[in-house]
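Descriptive analysis of the structure
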Amino acid sequence: MKIICMLFLAFITCTTFAQKDFQGKATYMSKTTIDMEAAFGKMTEQQKKQRMARMKNWLEKTYTLTFNKTESAFKENVQLDAPGSTGRSWGKSNGQGSMYKNVGDKEIIEDVEKFSKRFLVTEQMEMPKWEMGTETKKIGNYMCYKATMVKRDMSIDWVGMMGRGRNKAKDSTKVKGEEEVRTLLVTAWYSPQIPVNAGPAEHWGLPGLILEINEGRTTMLCTELVMNSEEVVEIKRPSKGKKVSREEYNKIIKVKTAEMKERFQSRGRGGRKL
């Protein structure tokens, strides 16, 4: 009965919004947890606090998702350093890059800058294999429904690559003769009251805007939503950068990161040789 009511609500809402130009802007807060000892080895509590402080810009972020009926762009909001702040800050954004999705063309493009180079990581959008649930909860003024899926994790394990340990997912599996296959449980909460096939980061494929998503150790929650304001939402397709596939991009970054790590370790073993 809940599913029938949900679909009826989605139909009524879609009919209403179809009568006018549909656009919106959503703000998301992202928080990531990390097992410090698994990633970096045994540390004192003071060392953990210091490292967590340096990683705050990576563990806690805010983003803006702009969307219309067929396109969306997801971009990190840049936070300025507080006056007098010093020290290195790991994972800080330079304000470049975005995640562009076009459900009409079935294409997703991640505009990202790494190692002083701009990449357009391009993938074909395959319909996510969501399992629709009947559990509900309210996020702000919107009734949301739960959906879940298990997917292959194609992201780069930055902590594992740069740290002394590896921050492995508990459900990782090893296929003989192949690289380690990591999987993630993804839980989404979407609202049919907002009839757009979009969501934060690369997520999409549900009959309503995704307002909250949990993926591994990261949770993204919509904290502000503006619909059909007088301000025209402009969504631009990324065009500057080297076009690569996700596999090509990951390979490039892994090689560059390994080279950088080796140089760092060589200096630690005694610096340059005469």
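None of these values were measured; they are calculated from a predicted model.

**Some points on the pairing of strand β11 (residues 183–191)**
Across the 9 residues that make up β11, a large majority, 8, are buried. By the bridge criterion, 8 bridges tie strand β8 (residues 142–152) to β11 in an arrangement that is antiparallel. Considered in β11, the bridge of Thr148 is made with Thr187. As paired strands, β11 and strand β12 (residues 209–215) are joined by 6 bridges and run antiparallel to one another. The residue bridging Tyr190 from the neighbouring strand is Ile210, located in β12.

**Some points on the sheet that holds β11**
An order of β7-β8-β11-β12-β13-β1-β2-β3-β4-β5-β6-β14 is seen for the 12 strands of this open sheet, with the pairing classed as mixed. Since the sheet does not close on itself, it has two edges, and those belong to β7 (131–139) and β14 (242–244), each with one partner. Ignoring which end each strand starts from, the neighbouring axes of this sheet average 20° apart.

**Looking at the pattern of salt bridges**
This structure, assessed with the given rule, holds 11 salt bridges. With a closest N to O distance of 2.8 Å, Glu215 and Lys151 form a salt bridge. Taken together, the positions of Glu215 in strand β12 and Lys151 in strand β8 put the pair 64 residues apart, joining distant regions of the chain. Exposure class is identical for Glu215 and Lys151. Each is buried. Among the charged side chains, a network of salt bridges with common partners joins Glu110, Glu123 and Arg246.

**Some thoughts on the packing of aromatic side chains**
One pass over the structure, following the stated rule, counts 5 aromatic pairs. On the numbers, 6.1 Å between centres and 55° between planes, the contact of Phe22 with Phe67 is tilted. Here the residue Phe22 occupies a position in the loop between α1 (2–17) and β1 (23–32), and Phe67 occupies one in strand β2 (residues 60–68), the gap between them amounting to 45 residues. For Phe22, a relative accessible area of 5% translates into the label buried. Residue Phe67 is classed as buried on the basis of its relative accessible area, which comes to 0%. Ring centres of Tyr28 and Phe74 lie 6.2 Å apart, and the angle between their planes is 70°; this geometry places the pair in the edge-to-face category. Here Tyr28, found in strand β1, pairs with Phe74, found in strand β3 (residues 71–76); they are 46 residues apart in sequence, far enough to count as distant. Judged by its relative accessible area of 5%, Phe74 is buried. An aromatic cluster is built from Tyr28, Tyr63 and Phe74, whose rings are joined through pairwise contacts.

**What about the side chain of Gln23?**
Along the polypeptide, Gln23 turns up in strand β1. Looking at Gln23, the relative accessible area reads 15%, which means it is buried. Within the structure, the side chain of Gln23 is placed 2.7 Å from the backbone oxygen of Glu231, a separation counted as a polar contact. Discounting chain neighbours no more than four positions away, the residues touching Gln23 are Phe67, Asn68, Val226, Met227, Asn228, Ser229, Glu231, Val232 and Val233.

**Structural notes on a positive patch on the surface**
The grouping of Lys117, Lys242, Lys256 and Arg263 at the surface amounts to a positive patch. In this fold, Lys256 is placed in helix α6 (residues 246–268). Judged by relative accessible area, Lys256 falls into the partly exposed class, the value being 34%.

Conventions adopted
Residues numbered from 1 in each chain as written. Predicted model: local features only at pLDDT ≥ 70, side-chain atom pairs only at ≥ 80, totals over all residues. Heavy atoms only, no water. Buried < 20%, exposed > 50% of the residue type's maximum accessible area, 1.4 Å probe, protein only. Helix = DSSP H or I, 4+ residues; strand = E, 2+ residues; numbered from the N terminus. Pairing = 2+ DSSP bridges. Axes fitted to C-alpha atoms, helices over the stretch in contact; angles between N-to-C directions. Salt bridge = Lys/Arg side-chain N within 4 Å of Asp/Glu carboxyl O. Phe/Tyr/Trp six-rings, centres within 6.5 Å; stacked < 30°, edge-to-face > 60°. Polar contact = N/O pair within 3.5 Å; in protein donor to acceptor, adjacent residues only side chain to side chain. Contact = heavy atoms within 4.5 Å. Patch = residues over 30% accessible without salt bridge, like charges linked within 9 Å, V, L, I, M, F, W, Y side chains within 5 Å. Areas by Shrake-Rupley, 256 points an atom, 1.4 Å probe, with all protein chains shown as cover. Lys, Arg positive; Asp, Glu negative; His and termini not counted. Charge placed at Lys NZ, Arg CZ, Asp CG, Glu CD.

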